[in-house]
Amino acid sequence: MSSAQGFLNDWVESRVGLGSNISNSRNTSVSYNIKGCWIPLTDNGGRRSLGSREEQGSVRCRRDEDRLGWFPPHFDVSDRMARLVASDPVFRKDNRAMLSRKELFKNTLRKAAHAWKRIIELRLSEEEASEMRFYVDEPAFTDLHWGMFVPAIKGQGTEEQQQKWLPLAYKMQIIGCYAQTELGHGSNVQGLETTATFDPESDEFSFIWWPGGLGKVSTHAVVYARLITEGQEHGVHGFIVQLRSLDDHMPLPGITVGDIGMKFGTGAYNTMDNGVLRFDNVRIPRNQMLMRVMRVTREGKCVQSNVPRQLIYGTMVYVRQTIVSDASSALSRAVCIATRYSAVRRQFGPQDGGVETQVIDYKTQQSRLFPLLASAYAFRFVGEWLKWLYLDVTQRLQANDFSTLPEAHACTAGLKSLTTSATADAIEECRKLCGGHGYLSSSGLPELFAVYVPACTYEGDNVVLLLQVARFLMKTVSQLGSGKKPVGTTAYMARAEDLLQSRCSVQKAEDWLKPSVILEAFEARAVRMCVACAQSLSKFQNPEEGFLELSADLVEAAIAHCQLIVVSKFIEKLQQDIPGKGVKQQLQILCYIYALNLLHKHLGDFLSTGCITPKQASLANDHLRSLYSKVRPNAIALVDAFNYTDHFLGSVLGRYDGNVYPKLYEEAWKDPLNDSVVPDGYQEYIRPMLKQQLRNARL
Ligand SMILES: CCCCCCCCCC/C=C\C/C=C/C(=O)SCCNC(=O)CCNC(=O)[C@H](O)C(C)(C)COP(=O)(O)OP(=O)(O)OC[C@H]1O[C@@H](n2cnc3c(N)ncnc32)[C@H](O)[C@@H]1OP(=O)(O)O
Ligand SMILES: Cc1cc2nc3c(=O)[nH]c(=O)nc-3n(C[C@H](O)[C@H](O)[C@H](O)COP(=O)(O)OP(=O)(O)OC[C@H]3O[C@@H](n4cnc5c(N)ncnc54)[C@H](O)[C@@H]3O)c2cc1C
C-alpha cells in the first residue's frame, strides 16, 4: 500500500459518515428531479518584556510535567503543525487585506493545493492534516469538503454508497460541499423548495444560496431536497449531485452555478466561494439519494429504515459540536492579543512623573478582560465534553440506541449558540480593550471578528437554535410529573421541587468559593425559569401559539440552562487530576470568575427568581474583584498557554515579544498608500483645490 493510501485509509478509519432527476424549476420528468498547556506560572506580574521572536522555539519547549492534563493529547501535533505552517512562505497571510477578491480567492486555492501536497508528501495523519488546515487560518472549500460533504455521506449514506463515494472524496478526486440553504429558506429546513421527484409538474424556481465551496470549486454537492415519489412528499433528504465536469470543470447541463458576491469585511470570509445554484431538470441516478434513513425502490416505493429521520440533520449536529471547540480557539486568540497588549500599553499613572500604569492594572480593564479569558478556558472544557457526548451518541446510534439523540441535539444546538454569540461579542470587546490600535487591521482583531461573526448565523441562527433547546426543556418539564426521570444535562430537574424552594447559603464573600453553592444557584435559576415558562405556556389553549408568544422568555430559559452546562463542566474538569504546580489553582480562579461574572451579568434572573438575595449578589461581586487580583500576576502565562505562534495570531499588538510600537510603525510603511510620498490623485484633485483656494484668497 502506498503511503498516501495508508494515510487515506487512516482517514477513513477515524472519520464519522434509481435514475433520479434534480431541479429547482418544478417542471420535468423521470426519476428524481431536484429543483430548486501549558501554564508555566509566573510570579513576575506579567511584566516581562515579552521575549524575542527567536526565543519562541526554545522558550516554549516546556517540560511534560508542566503540561495541563486537560489539553487534548494532540498538543505536540498542534505545536508541530503551527510551526510548519508559520515557516512556509506559501501560507503567508499578512497581505490579505490588500488583495482584490480574485487575488484573495486564487491565493486560497494555491494554499489549499499546497496544503494537500504537503499532507501527502509528509504522510500526515488525519489529526495532523486537520491541525495544518486550522493553522493555515483561511476559510476555504476544504472546510466544507472535509467538514460537511464527507460527514454527510458517512452519516446518511448506506454502506454501499459510502464505499462508492468516500474513496473518491478522501483522495480529493471529487470535491464536495453541503447545499441545503436556499435564497428563501435557511432555518426552516422542512420548508425547502428544492424538490427531488419522480414525476414533477409545476415550474416555479428556487435557488440554493450560500453553500461554501459551491460557487467556484466543488465538483459535487450533497443537495437537500423534498423527496416526491408517486405524487407524495416524503420529507427532506440528501442527494449526491455532480455539478461540474471532472474534465474541464464546466457546469453540467441544467446546472447554473456561481459565487454569491462579497461578504462582510474586506479579506475575511471572502476567501470562500459561497455559491448560488440552480437546477433545471437535472437527472441523477436513484442510488444517489442518501438512503440510510429511507430507501427508494426501483419502483419508486419508499421504505423507512429503523433509524430516526432526524438523522438527516446529523451533519449539522456534528458540525455544531466542532464549532464549540472552535469558539474557544477564536476567543483565546482575541484574548491573547488583548492581554499581551494590555501589559504593554501604559496610560496615566503616578503624578510624580514615574512610569505610567500598565492598562492591564486598571480594575475596569480586568473586569472586562479576565471574564473573557475565563470563558476561553470554559469553552475549551465544554467543547471537550461535547466531543465526548457526540462520540457517545454516535456509538449508541450504531447500536440502534436512539435515546440520547434529543439531548445531543439540544446540547450541540444550545452550546453552539451560547459560545458563538459570546465569542463574537468578546472579539469586539477585545478590539475595544486595545483602544485605537485595536481598530488597525494589523491588530488582527478586525479580520478575526469579520471571519468569526457569521458563526452566529451559519449552522443554525443562534436564536432559532435556542428555541430548539427551549422545546427540549419544556418537554422535559412536562414529563416531570409522569415519573420519567430526566437524565444527562437535565438530571438536575429531577430535584425541581427542592430547587424551587432552595435558599442560597452564602453569608460572606468566601462562601461563593464553594462549587456546590455556585452549582445550586445556577441550577435553581435554570429550573425556576423553565418552570415559569412551562406554567405560562400551560395557560394557552394552543401550545404552539403560546410558544410563539413566550419565545423571548423561552430563549432566556434556554440560555440559563446552557450556562449551567458550561459552569458544571468547568467544575467537573477541576475534579480531575491536573498536573503542573499551581495550575489547578489558577484554573479554579478562572472557573469562579466565569461563574460569578455570569451571575453578575444576569443578576436580574437570579434576583427575580429569588435564587439569591441582593446582599448575596453584592458579596459575589466583592469576591469577583478579589479574584481579578489573583489572575493578574499570571495573566500573560495564561494566554501564552494557548501556544499560538505570531504567524497564527497575525497581530502586531499580540506579538509574543511585546515589541509593539516599532512594529506598528514598520507595518504602517508597508501600506500601498505609502509607496509614494505624494499620493496618486494629487495632480487631479488636491492641487487644483489648493490653487483654487489660493486664487479665492487673493480675490
Ligand atoms: C476537518 C473537520 C472540520 C470540521 C469543521 C468544519 C466546519 C466548517 C464550518 C464552515 C462554516 C460554515 C458552514 C456552514 C454550513 C451551514 O450553515 S449548513 C446549513 C445549516 N442550516 C441550519 O443549521 C438550519 C437550521 N435549522 C434546523 O436545524 C432545523 O430546521 C430546525 C431544527 C430549526 C427545525 O427543524 P424542523 O424539522 O422544522 O423542526 P421541528 O419540528 O422543530 O423538529 C422535529 C423534531 O426533530 C428534532 N430535531 C431537530 N433538529 C434535530 C437535529 N439536528 N438532530 C436531532 N433532532 C433534531 C426536534 O427536536 C424535534 O424533535 P421532537 O422530539 O419531535 O420535538
Ligand atoms: C458565512 C456563511 C456560510 C454558510 N454556509 C452554508 C453552507 O455551506 N451550506 C448551507 O446550506 N448553508 C450555508 N449557510 C446558510 C446558513 O446556514 C443560514 O443562513 C442559517 O441557517 C440561517 O438561516 P436564514 O439565513 O434562513 O435565517 P433566517 O431564518 O431568515 O433568520 C432571520 C432572522 O429571523 C429570525 N427567525 C427565523 N426563524 C425564527 C423563528 N422560528 N422564531 C424566531 N425567530 C426566527 C432569526 O433569529 C433571525 O434573526 C451559510 C451562511 C453564512 C452566513
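Residues numbered from 1 in each chain as written. Chains lettered and ligands numbered in written order. Predicted model: local features only at pLDDT ≥ 70, side-chain atom pairs only at ≥ 80, totals over all residues.

Q: Looking at this model, I keep getting lost on unusual backbone geometry. Mind explaining?
A: Where the residue is not glycine, phi is negative for most of them; where a peptide bond is considered, it is trans in most cases. The phi torsion at M172 lies on the positive side, around 55°, for a residue other than glycine. Its place among the elements puts M172 in the loop between α7 (159-170) and β3 (176-179). Of note in the backbone geometry, N400 takes a positive phi value of approximately 60° without being a glycine. Here N400 shows up in the loop between α9 (363-398) and α10 (405-433). (Helix = DSSP H or I, 4+ residues; strand = E, 2+ residues; numbered from the N terminus.)

Q: Mind showing me how you'd approach the environment of L418 here?
A: Along the polypeptide, L418 turns up in helix α10. We classify L418 as buried; it has 25 C-beta atoms within 10 Å. Setting aside its immediate chain neighbours within four residues, L418 contacts I559, C562, Q563 and V566. (Buried ≥ 20, exposed ≤ 12 C-beta atoms within 10 Å, placed from the backbone. Contact = placed C-beta atoms within 7 Å.)

Q: What is the right way to read the site of ligand 2 from this model?
A: As a structural note, the neighbourhood of ligand 2 is formed by 21 residues, with Q180, T181, G186, S187 and V463 the closest of them. Elements with a minimum of two residues in the shell around ligand 2: β3 and α12 (462-478). At 3 residues, the largest contribution of residues to the shell around ligand 2 is made by α12. (Near = placed C-beta within 6 Å.)

Q: Honestly, the UniProt feature "domain: Acyl-CoA oxidase C-alpha1" (unreviewed entry) in the protein in this entry has me stumped. Any pointers?
A: UniProt records the feature "domain: Acyl-CoA oxidase C-alpha1" (unreviewed entry) for residues 313-474 in the present numbering. Across residues 313-474, the secondary structure splits into 72% helix and 2% strand, with the terminal C-alpha atoms separated by 21 Å. (UniProt positions renumbered as here; feature names shortened; annotations may be inferred.)

Q: Just checking my understanding: could you explain the site of ligand 1 for this structure?
A: Neighbouring residues of ligand 1: 28 residues in total, closest G147, V189, Y313, H409 and G460. In terms of residues, the shell around ligand 1 owes the most to one element, helix α8 (residues 314-344), which gives 4 residues. The class makeup of the residues in the shell around ligand 1 is 11 nonpolar, 14 polar and 3 charged. (Nonpolar A, V, L, I, M, F, W, Y, C, P; charged D, E, K, R; others polar.)

Q: Would you explain the nonpolar core in this entry?
A: Grouped together as the largest cluster of nonpolar side chains are 189 residues, with contacts concentrated most on A334, L373, C430 and I593. Once residues within four sequence positions are removed from consideration, A334 is found in contact with A426, I427, C430, L445 and L448. (Core = buried A, V, L, I, M, F, W, Y, C linked by C-beta atoms within 7 Å.)

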